[in-house]
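This is what each chain is made of:
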Amino acid sequence: MVCYHAGMKHVMVAPSILAVWDRTNGDYAACVTAAQAVEKAGADWLHVDVMDGQYVPAKTFGPEMVEKLKGAVKLPLDIHLMVNAPERVIADYIAAGADRVVFHPSASDDVGGCLQKLVETGVVAGLAIDADENVLLLAPWVDVVQQVLVMTVKAGAGGQGLRDDLLAKVAGVRALVGKDVPLVVDGGVKVDNAARVVSAGADVLVAGSAVFNAPDVGAVIGQLRV
Ligand code: DX5
Ligand code: ZN
């Protein structure tokens, strides 16, 4: 998953389409166009933030966004479910074309069932830890989980500032899940803090506002891969 060239770690960048959704007040066509632009600019994955207005106060979009993006780009679609009871909706995201799905174990009474459904259908099965949650929430699932996302802001909104104090959790997660599980860091990642996030152990950087609010998305994607 993580590539090394001449000893340098190749960090992956996953732009978050939430920044475009927010900026355009929910314009699907603008999101599709922006997704195509970051694909062309060399993004590795596209991060898609689903919020249900319950697990987090804000509400974004549902599986229809995934369907539209699936038809428009070849980028792996990395779906971040910030929803209560993901077991009720996970099949809809699989059917819509998700390549990777990350959900919050604190939102589910059936974490094992959700992970199993993803694994069975060939979708990468991931878990997310919110800003003030303990990494030990992952402990029961270390043998099954295929991706972990560590929030460096409180889940629920783009454009917040990264909390440096949360970076220590990345190393804790690495120790818990082993070296082969990709670690994604999400929230407030910018060109000027990317090096710190990568040193903390991130394999994949999610970046919404840093990428999509920049005049040259390709330049920012390149600069994030420090
Ligand atoms: C926040 C989302 C993030 C968000 C990141 O709850 O999970 O993925 O889009 O946006 P920035 O990079 O602007 O913090
Ligand atoms: Zn996210």
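Being a predicted model, the structure only gives us computed values, none of them experimental. (Residues numbered from 1 in each chain as written. Chains lettered and ligands numbered in written order. Predicted model: local features only at pLDDT ≥ 70, side-chain atom pairs only at ≥ 80, totals over all residues. Heavy atoms only, no water.)

Time to look at the overall build of the protein. Counting its regular elements, the protein contains nine helices and 10 strands. Overall size of the protein, expressed as C-alpha extent along the three principal axes, is 40 × 40 × 30 Å. Across the protein, contacts joining residues at least 24 apart in sequence account for 63% of those joining residues at least 6 apart. When the accessible surface of the protein is summed, it comes to about 9,400 Å², and 52% of that surface belongs to carbon and sulfur atoms. In the protein, 18 positive and 26 negative side-chain charges are present, and the distance between their average locations comes to 4 Å. (Helix = DSSP H or I, 4+ residues; strand = E, 2+ residues; numbered from the N terminus. Contact = heavy atoms within 4.5 Å. Areas by Shrake-Rupley, 256 points an atom, 1.4 Å probe, with all protein chains shown as cover. Lys, Arg positive; Asp, Glu negative; His and termini not counted. Charge placed at Lys NZ, Arg CZ, Asp CG, Glu CD.)

The protein atoms that coordinate the zinc ion (ligand 2) are H47 (NE2), D49 (OD), H80 (ND1) and D186 (OD), at distances of 2.1 to 2.3 Å. Of note is the zinc ion (ligand 2), whose six donor atoms meet at the metal with angles of 70 to 171 degrees in an arrangement that counts as octahedral. When its relative accessible area of 0% is taken as the criterion, H80 is described as buried. (Donors = N, O, S within 2.8 Å, 3.2 Å for Na, K, Ca; no water. Tetrahedral: all angles 85-135°; square planar, octahedral: opposite > 155°, others 65-115°. Buried < 20%, exposed > 50% of the residue type's maximum accessible area, 1.4 Å probe, protein only.)

For the rest of this paragraph, the subject is the sheet that holds strand β3 (residues 12-15). Strands sit in the order β3-β10-β9-β8-β7-β6-β5-β4 across an open sheet of eight strands; the sheet is parallel. Only two strands of the sheet have a single partner each, and these edge strands are β3 and β4 (46-51). On average, adjacent strands in this sheet sit at an angle of 25 degrees to one another, irrespective of strand direction. (Pairing = 2+ DSSP bridges. Axes fitted to C-alpha atoms, helices over the stretch in contact; angles between N-to-C directions.)

Turning our attention to the packing of aromatic side chains. As enumerated under the stated definition, the model contains two aromatic pairs in all. Taking the centre distance of 5.0 Å and the plane angle of 65 degrees together, the rings of W21 and Y28 count as edge-to-face. Note on W21 and F61: the rings are 5.0 Å apart at their centroids and 90 degrees apart in plane angle, and the pair reads as edge-to-face. With W21 in helix α1 (residues 18-23) and F61 in the loop between β4 and α3 (63-70), this residue pair connects regions lying 40 residues apart in the sequence. Using a relative accessible area of 12% as the deciding quantity, one classes W21 as buried. (Phe/Tyr/Trp six-rings, centres within 6.5 Å; stacked < 30°, edge-to-face > 60°.)

The environment of ligand 1 is made up of 20 residues, and the closest members are D49, D186, G188, G208 and S209. The side chain of S16 places a nitrogen or oxygen atom 2.9 Å from an oxygen atom of ligand 1. In the environment of ligand 1, an oxygen atom lies 2.6 Å from a nitrogen or oxygen atom belonging to the side chain of D186. Summarising the interface, the protein chains cover 99% of the accessible area of ligand 1, which totals 380 Å² for the free molecule. Only β4, β5 (77-82) and β10 (204-207) provide two or more residues apiece to the shell around ligand 1. (Near = heavy atom within 4 Å. Polar contact = N/O pair within 3.5 Å; in protein donor to acceptor, adjacent residues only side chain to side chain.)

Further remarks concern the pairing of strand β8 (residues 147-151). On any regular strand, side chains alternate: one points to one face of the sheet, the next to the other face. Among the five residues that make up β8, five are buried, leaving the element largely enclosed by the rest of the structure. On β8, burial covers both faces: Q147, L149 and M151 on one face and V148 and V150 on the other are all buried. The pairing of strand β7 (residues 124-129) with β8 spans four bridges and is parallel. The residue of β8 that forms the bridge with I129 is V150. As defined by bridge partners, β8 adjoins strand β9 (residues 183-186) across four bridges and the pair is classed as parallel. Counterpart to V148 in the pairing with β9 is L183. Once the chain exits β8 it traverses helix α6 (residues 168-177) before rejoining the sheet at β9, and the crossover so formed is right-handed. (Right-handed = clockwise from strand over helix to strand, strands pointing away.)

Attention shifts here to the confidence of the model for the protein. Chain-level statistics for the protein give a pLDDT mean of 95 and a share of 96% at 70 or above. Within the protein, strand β1 (residues 3-5) has the poorest average pLDDT of any element, 51, and β5 the best, 99. (pLDDT = per-residue confidence, 0-100.)

A word on helix α9 (residues 217-224). What α9 keeps buried is the set V217, V220, I221 and L224. All buried residues of α9 lie within an arc of 100 degrees about the axis, which places them on one face of the element. Looking at the packing, one finds that the buried side of α9 touches β3, α2 (28-40), α7 (194-200), β10 and α8 (209-212). Taking the backbone nitrogen of G218 as reference, a side-chain oxygen 3.1 Å away marks D216 as the first, capping residue of α9. (Arc of directions from axis to C-beta.)

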